[in-house]
Structures are given as C-alpha cells and as structure tokens.
Amino acid sequence: MTTLTSTPRADGFFMPAEWAPHSQTWMVWPQRPDNWRHNGAPAQAAFAAVAKAIARFEPVTVCATADQFHAARAALGDPRIRVVEMSTDDAWVRDTGPTFVIDGQGGLRGVDWTFNAWGGLDGGLYADWRRDDEVAQKILEIERCDRYRTDGFVLEGGSIHVDGEGTLITTEECLLNRNRNPHLSREEIEAILREHLAIDTVIWLPHGLFNDETDGHVDNFCCYVRPGEVLLAWTDDPTDPNHERCQAAMAVLEQARDARGRALKVHKMPIPGPLHATAEECAGVAPLVGSQPRDPSIRLAGSYVNFLIVNGGIIAPSFGDPLDAEAERILGEVFPDHQVVMVPGREILLGGGNIHCITQQQPAA
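Residues numbered from 1 in each chain as written. Predicted model: local features only at pLDDT ≥ 70, side-chain atom pairs only at ≥ 80, totals over all residues. Heavy atoms only, no water.

(A) Layout of the sheet that holds strand 10 (residues 201–205). With mixed pairing, the three strands of this open sheet are ordered in space as 8-9-10. Each edge of the open sheet is held by one strand with a lone partner, namely strand 8 (161–162) and strand 10. Two strands pair when backbone bridges link them, and strand 9 (residues 167–171) and strand 10 are joined in this way by five bridges, in the parallel orientation. Paired with I169 across the bridge in strand 10 is I203. This element, helix 6 (residues 186–197), spans strand 9 and strand 10 of the sheet and lies at about 130 degrees to strand 10. Against the sheet, helix 7 (residues 242–255) makes contact with strand 9 and strand 10, and its axis sits at roughly 155 degrees relative to strand 10, the strand it touches most. (Pairing = 2+ DSSP bridges. Helix = DSSP H or I, 4+ residues; strand = E, 2+ residues; numbered from the N terminus. Contact = heavy atoms within 4.5 Å. Axes fitted to C-alpha atoms, helices over the stretch in contact; angles between N-to-C directions.)

Below, the structure is given as structure tokens:
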C-alpha cells in the first residue's frame, strides 16, 4: 500500500454511487461499554442480524478486537462473513473506514479522512479516538489499496452522499461546524471534496435530523435513490422539532440543480416515533468521562433513511413503530429492482446511529 500525495481527481478516480456494484461491505463489531448497553451484547445481536442480511446479497467483512474475535466469529456463523482482528475505539465504520474511489478501469483506492470522534474536544463523543482514526488505513492495508490521507481535514463518511455523476449532498450543520474544520471556509471545504471525490456540485442542506449526535449527518436525513432523485426524512407535524428542518431542506432541494443541470425529484420518508430510550436501557450503559450521556428524556434521532444499498437489496432499519410498514412500502416503490429487507434497528439507534452508519461499502473495481 502506498500513501499518495496526489488527489483522486488528478489521478482519474471518483467516488461511485452506493448503488454501483459492491465487492463487499465492511462492519466493525460493537463492544464499547459507555456506548452499548450490557457490554454490547444486545448490539452485537443486532449487528449480527445486519451482517447476515447483507450476506444474502454480497460478502461481508467484520472487524473485531482480539478479545471479541471468537465471540464475533461464533455469532456471525456464515461462510459469506469474514472476521478479521482489528483494534478500534467504536463500531461506526461509515465514519472511520475509508471512502473507496474507483477509476472505472479496474482501479480501486481509498480516501482516509482525518477522524476526531464527531467534534474532538468540542462536543466529540469520546475522549480518545486514535485507534478509530487508524481504521481506514488498516482496511486499505488488508485490501492492498493505495491511500489518500487528508491530514488535518476532518470528515466522516456519513456526512456525505453522492450520485456518482458529479453531485454531493451534505449539511451545513455538520461540515461547517466549528468542531470539524474551523480553519476552512465553505469554498475551501468544497474544493477538497471536489478533489477527493471528483464531484462538481455540492448541495448544502441547512440541518440534519433533530438531536443527531453526529451534528446532523446527511445519511440520517436525506439520501440519493438514483441520479436526480432523493429520499428526505419528513414530518407534517408543526410541533415536531424536525418540521422546520424538513421544510428548510425541501426549500433547498426544490431550488437545487445537480451537476448535470437536473432538478431533483424528492420522495418523502416519514420519521418514526418520537423514539426514546427507556430508563432500563440507559441503566445498562457504563458512562465514562467524556462519553455521550444516555437519558430517557433525550429524543433519539431515529430514521428510516439510514439504510444501506447492497447488490440487489436494501437493508433498512425497523423500530417496532406503526410507520415501519409504510417505510418498507416506500423503499419498495423507490427501489423496484431491489429486495427490501427490514432489520430491527432499535439497539443500533440506542448507540447513536443505524444501519448506514455501521456499514461501509467497497465498490467492485
């Protein structure tokens, strides 16, 4: 593996859309006791269910720490799921893993963004994130992929979505947050995204979902379903704190034009809940200094938009909510050529994210 000093764009590489063919999906095994209740046991069952659902469509690699390797291997018992040993701080591989880029001629490389646990010492979610900042490099080493390292530029994979045709969608709440890249202007951030993902147009939504502890990641709020079409989390309830955020996003999307000059078609996806952790669920978490508080009064940022597109499938979270069936119906409508598989997502949500957040697709080169 070589660490390159050029940029993907200069070398003819770009980030493909999530619906482009995958060679596999990456995950990381959860165990952090100040984030996952009961030392991660319920979350491990939930992650295993997600991995097995993905494995119906494509291979999966799960990274587990040395002390969890055998437990993960036993829980994942599927020949299409590979387990590799890797030291990590937590399990959010969407944000810690590499963003893979391809050249369309068989080449595969990875962008290794700087990671600071969603804000570093200014609102970050845990105090030491050094091992998580190494996850992307370790994955690229395993795959023998050359690496672009953005030293000093902080980005998480969940904060961006691309259409594979030159357009990226993100939120100001996250990318312009003072706790990510305060030394850079919007224009300078756009320039880095253009060079590292080979995109030409950035669509900036003002906010992500209410109470999203990632500072409003777009992958929990709005995503592409195909070029020119997006799926937006939505509520018609004016008393819901998400109402204003949804309206603001729709105002931007209705005016936006993508890199090819297209207006966007917007599909609405209802927001479940409101969802809250129970006192019992919160009591199972062992808080540490600097870790995220877990409290039943805090609304959870539950979203059906937080799904993964795999080869021929959609792996989406359910919440035991009356809207689960409606979400499944909408996903089936907007992805008519994919099989929709709903997997229980509550345990993952209790840790602060969902299925898209705990997965990272590796495109087929």
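(B) Up close: the pairing of strand 12 (residues 229–234). With respect to burial, strand 12 is a largely interior element, six of its six residues being buried. Residues E229, L231 and A233 line one face of strand 12 and the alternating positions V230, L232 and W234 line the opposite face, and both faces are buried. Two elements, strand 11 (residues 222–226) and strand 12, share four bridges in a ladder whose sense is antiparallel. Residue pairing in the sheet places C223 in a bridge with L231 of strand 12. In textbook terms, the turn of a hairpin is the stretch between consecutive antiparallel strands, and for strand 11 and strand 12 this stretch comprises two residues, one of which, G228, has a positive phi near 85 degrees. Pairing geometry for strand 12 and strand 13 (residues 265–270), over six bridges, is parallel. Looking across to strand 13, one finds that L231 is bridged to H267. Handedness of the β-α-β unit built from strand 12, helix 7 and strand 13 comes out right-handed. (Buried < 20%, exposed > 50% of the residue type's maximum accessible area, 1.4 Å probe, protein only. Right-handed = clockwise from strand over helix to strand, strands pointing away.)

(C) Fine view of unusual backbone geometry. Of note, the bond from G273 into P274 is cis; its omega dihedral lies within 30 degrees of zero at 15 degrees. Position of P274 relative to the elements: it lies in the loop between strand 13 and strand 14 (275–276). One non-glycine residue, N211, lies in the positive phi region at around 65 degrees. Following the sequence through the fold, N211 ends up in the loop between strand 10 and strand 11.

(D) Seen up close, the sheet that holds strand 3 (residues 60–64). If you walk across this open sheet you meet the four strands as 4-3-2-19, and the pairing is mixed. Each edge of the sheet is formed by a strand with only one pairing partner; in this case those strands are strand 4 (81–85) and strand 19 (360–363). Pairs of neighbouring strands in the sheet enclose a mean axial angle of 25 degrees, with direction left out of account. Pairing geometry for strand 2 (residues 22–28) and strand 19, over four bridges, is antiparallel. Paired with Q24 across the strands is Q362, a residue of strand 19.

(E) Molecular detail of the environment of R144. With respect to the helices, strands and loops of the structure, R144 is situated in the loop between helix 4 (135–143) and strand 7 (146–154). Taking the relative accessible area as the measure of exposure, R144 reaches 73% and is therefore exposed. Taking the C-alpha atoms as reference points, R144 and M1, 143 residues apart in sequence, are found 5.3 Å from one another.

(F) Local environment of the side chain of R94. As for its placement among the helices and strands, R94 is situated in helix 3 (residues 93–96). Although R94 lies buried, it forms no salt bridge, and the closest oppositely charged side chain, E18, sits 4.2 Å away as judged by the N-O distance. Within the structure, the side chain of R94 is placed 3.0 Å from the backbone oxygen of H356, a separation counted as a polar contact. A distance of 2.8 Å separates a polar atom in the side chain of R94 from the backbone oxygen of T359. When residues no more than four places from it in sequence are discounted, the contact partners of R94 are E18, G157, G158, D219, L308, H356, C357, T359, Q360 and Q361. (Lys, Arg positive; Asp, Glu negative; His and termini not counted. Salt bridge = Lys/Arg side-chain N within 4 Å of Asp/Glu carboxyl O. Polar contact = N/O pair within 3.5 Å; in protein donor to acceptor, adjacent residues only side chain to side chain.)

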